Amino acid sequence: VSVLGDAGVGKSRLLHEFRSSLADDSIRYVQGRCHANGSLTPFLPFIECVKAMLGTARSQEEQAHDHVVERTRSLASELEIYIPVLLHLLSIESDEYRLPDYLAGEDLRGTVAEALVSLFTLGSRGQPLVMLLEDWHWSDGGSSDVLDQLAEMVSAYPLLVVVTARPELDAQRPSPRGQIHLDLAPLDPTSAVEVMRASLEGARVPVELAERIGEKTGGNPFFIEELCHAFLESGTIVVEGGEARLDGSLDRLAIPDTVQAVLKTRLDRLDPEAREVLRSASVIGRQFGLELLGRIVPSPSRLEGALNGLRAAGLIQRTSLVPEPTYRFKHALTLDVTYDSLLERQRKERHALVGEAMETIYEGRLDEFSERLANHFACAEDWDRAVRYGFAAAERAASLWLIESAVDSLGRTHEWVERRGGEDSERRATLVRLLLEEERHLETLGRRDRQQAVIDELLTLVPEQPTAERAIVLVRQGELYTLLGRQDAAQEAFAAAIEVADACEAVDERAMALRGTGHRCWRLGLYAEAVAPLTEVVEHDRLTAPPKVLLRDLVNLGRVRRELGDWDEAQAIGDEVRALAESTMSPADQELTSDYMGHLLRTMGRPQEAIKAFAESAVVASESQMPLQHSFHFLAMAAIHLEIGQTDQSLAAYEEAILLSRRASRADNLAHALILQADSLMTIGRAADAVPSYEEAVAILRRLATDGTLSAAMGKVAQAYEAASQTDAAAAWRKAKEVRLALDDQSGALEAAEHEARLHAGDADTVRELQEAALDLATRLGDGAAEARIRNSLAILAWRGGDLEAACSQYEATAECLRSGDEPDGLGVVLNGWGAVLTKLDRHAEAQSVLLEALEANRAVENVAREADSLAALGASFKASHDLTQAYDWYQECLDKRRAAKDRAGEAWALHRLAELSVEAEAPERAVTFAAEAFTIAREIHDTELEARCAPVNPTGRADST
């Protein structure tokens, strides 16, 4: 269920009333809330739900580990495999349930999402579960992925998920839309009066006063409540005998323009001590615990009384009692107004107090609170600690593979480093460390422009003299240039990095540059040139690198050897890699080894052994909770099964790969798997079955905004529609054309336009309009071949429509395109058509000139059939100009060509033309002979049209008198 509405419209109150209805212990509910600064904190609302689900909030810190393990097992036995991930997510260290080293990157992010979804779905089987997720407009990307998966699975479990949000979500994270969706609008006048009465101790409200309040507040329930409370507190409204009476005239009633102004008035009227407590709480955030608040208020001994007063005033509410009393602002606007009432100096002082108190209270768990600590110390302008916790927050986000959050944290930390100042050398060293981290994350995200800007900044920070740091930055520059396809610039950067590394004897950095050089050669297909640098990297690894690094560099070298066909060397590398994987005991190494052998065996033409190797990789990936890698192996097996004709096994493997991509919560990989599955279905002639997979892939790619891939996928959808003979194939091509035009893919739009035109073959006017639009695209692109193709189609269309002059003009333009192009093969065909049209127009001299050129063009490409067509057209042209002798010669030569090509149909029609010509030349015996031969062939090849034309010939071979 999704609930959307503006601030103060009643989302939180709706959830409160709903939660109150869940008093029955048969239903469990958990609640998570996104925070204004929490979009940088990975999985924040779900972490709160996990804590509630597992009851960690009620356990002491030293008992939290055992409590999580025990509670997870009790919810569902299947959840035990996720215990390491849940402990990692909750920042609880564990020797027994240590997160495996191989579980990193995208696999970790996918596994975290899978663990969360599994906890809430499987955990609901024993007791129905309600999840309340508030303020989703501040959610982080990881949480959005989890919500998408929950939404897909929720109907299969006794699980209800309720999400509230304001409507101002950005385009990258659209508003959540549940199976049930509620848009909360302002209250109607009747409901507004009910809220007024509830806020005024149940008193009846005069009509004129109610109308004034309703009009001023716009029906916003929070505004109405706060205004009524303010009027009661100030004595503006007095309740007597169940009636609300205005103290003064309605005309003199002053109503603030905003709810914020009302709240400020109420704060000003608070007891000074209560006001200071509320201000201190606003520095902590929307929710605050008694222990932390008690460490920063001026009078801790009187804290409880102040909190009770604030609760009575309806400004805060208590949310829990154990393990400590916890409170929250009833509304985010109350928090904002309270915080804004602090002077700048007061804010700095209190943020520092909060940060220091958190360091003490959460000692040993600071990683979990690193983002909040960074914010507090930044607001306190304690830049040293802000920078320290900023790095920690980025590291935590990256450890969960929430790279966007990591980049955001590093960006803010960069600002704090600059504001900290200090010694230039120390500042420079910190910035270099920060930017190197940011650059690597930007590479992962594919944000190339920003990545280049970071490298440029690094080059200004590292010394110009040879240092290891400078060598690293040059390597990063080379790697970026390689990704951008700027291969010459990449090689220059790698060469410069090697020179710098040699000058300062930085052997590890030299190996990095050589590794980059080898990768560049690999991408260019220069496999022989990649051997030397990659071999040197392997030799370096043997001396200094850990086995895991050596293993990966051996695999890189082995892949190059495989591409060169050096099977013995590639096989020997495979044996060494397998031995290393056994020594490291790492599932990731074992998976990589089997994957390497699978690709090697496939290339060597040993498909069954390759499938076995990929199956071994898949088993390791499955047991190690690596769904993304698991899906890759099934894609490889699917392709091999298809290659060797095992269609059913191939399609089953594609289905498994798609399922695993969904589990990994990787939309890009899911789209890739769906396209490969659909491509396979197209290959085996099941176009209709391919359509749904293509369409789902397109829907995913639209969300990801991967322009080039989306453009190609749109074309695949349309091709599948066309191949399946679906009635809306033309519409599919039109959509593909529109998308490609929007993406400025002119060439792709041209392809789509031509397909669309072809599919409207029965509607000459529509085809002409579409072809002319396609011609405009081809002309803008300077695509001569496409222009010729389209003009030829327009010429044929005009000819069939009887517009011979237009056909002639199009044929002439088509011929000009082909004469100046690189594809002479089609020139003869076009000239044949042009000549035939000129003959119809009685422009015989022009026709014969064009047809003679056609004859030479067709002879030049040695196309006998088209050459015969030219000869037949020449015969027709000379016949039309009454030069029967030359007509006879051309038809006779045409007959010889047809016979030489064993073209029986063409031979019969040539004989028929000669018979007609003989009749016109008054040579009846010759006419009868030609006609009889044509009649015999027509019967042989079942050409009923020709047979009918030759029917006047009698069995004796003599023509009837008719």
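Everything numeric in this text was worked out from a predicted model, so none of it was measured.

Draft legend 1. The arrangement of the pattern of salt bridges in detail. Taken as a whole, this structure holds 76 salt bridges when the rule is applied. With a closest N to O distance of 2.7 Å, Glu439 and Arg476 form a salt bridge. Of this pair, Glu439 sits in helix H19 (residues 424-445) while Arg476 is found in helix H21 (residues 468-484), placing the two residues 37 residues apart along the sequence. For the pair Glu439 and Arg476, a shared accessibility class is recorded, and that class is buried. Between Asp566 and Arg561 there is a salt bridge whose closest N-O contact spans 3.1 Å. When salt bridges with common partners are traced through the structure, they connect Glu356, Glu359, Asp382, Arg385 and Arg388 into a single cluster.

Draft legend 2. Up close: a nonpolar patch on the surface. On the surface, a nonpolar cluster with roughly 240 Å² of combined accessible area is contributed by Leu14, Ile180 and Leu182. Mapped onto the secondary structure, Leu14 falls in helix H1 (residues 11-20). A relative accessible area of 35% places Leu14 in the partly exposed class.

Draft legend 3. Highlighting the sheet that holds strand E8 (residues 287-289). Read from one edge of the open sheet, three strands run E8-E10-E9, paired in antiparallel fashion. Each edge of the open sheet is held by one strand with a lone partner, namely E8 and strand E9 (316-320). Each strand axis lies, on average, 30° off the axis of its neighbour in the sheet, ignoring direction. Here E8 runs beside strand E10 (residues 326-329); their pairing, made up of three bridges, is antiparallel. Residue pairing for E10: Gln287 is matched across the bridge by Arg328. In the packing of helix H13 (residues 303-312) onto the sheet, contacts are made with E8, E9 and E10, and the angle to E9 comes to roughly 110°.

Draft legend 4. The confidence of the model for the chain, seen in detail. When the pLDDT values of the chain are averaged, the result is 86; 94% of them are 70 or greater. With pLDDT under 50 throughout, residues 953-962 is counted as low confidence; its partners more than four residues away or in other chains account for 10 contacts.

Draft legend 5. Quick peek at the sheet that holds strand E2 (residues 28-33). Ordered in space as E2-E3-E4-E1-E5, the five strands form an open sheet in which the pairing is parallel. The open sheet has two edge strands with one neighbour each: E2 and strand E5 (181-183). Each neighbouring strand pair of the sheet contributes to a mean axis angle of 15°, computed without reference to strand direction. Of the pairings in the sheet, the one linking strand E3 (residues 129-134) to strand E4 (residues 159-165) comprises five bridges and is parallel in character. What sits directly across from Val130, in E4, is Leu160.

Conventions used here
- Residues numbered from 1 in each chain as written.
- Predicted model: local features only at pLDDT ≥ 70, side-chain atom pairs only at ≥ 80, totals over all residues.
- Heavy atoms only, no water.
- Salt bridge = Lys/Arg side-chain N within 4 Å of Asp/Glu carboxyl O.
- Helix = DSSP H or I, 4+ residues; strand = E, 2+ residues; numbered from the N terminus.
- Buried < 20%, exposed > 50% of the residue type's maximum accessible area, 1.4 Å probe, protein only.
- Patch = residues over 30% accessible without salt bridge, like charges linked within 9 Å, V, L, I, M, F, W, Y side chains within 5 Å.
- Areas by Shrake-Rupley, 256 points an atom, 1.4 Å probe, with all protein chains shown as cover.
- Pairing = 2+ DSSP bridges.
- Axes fitted to C-alpha atoms, helices over the stretch in contact; angles between N-to-C directions.
- Contact = heavy atoms within 4.5 Å.
- pLDDT = per-residue confidence, 0-100.

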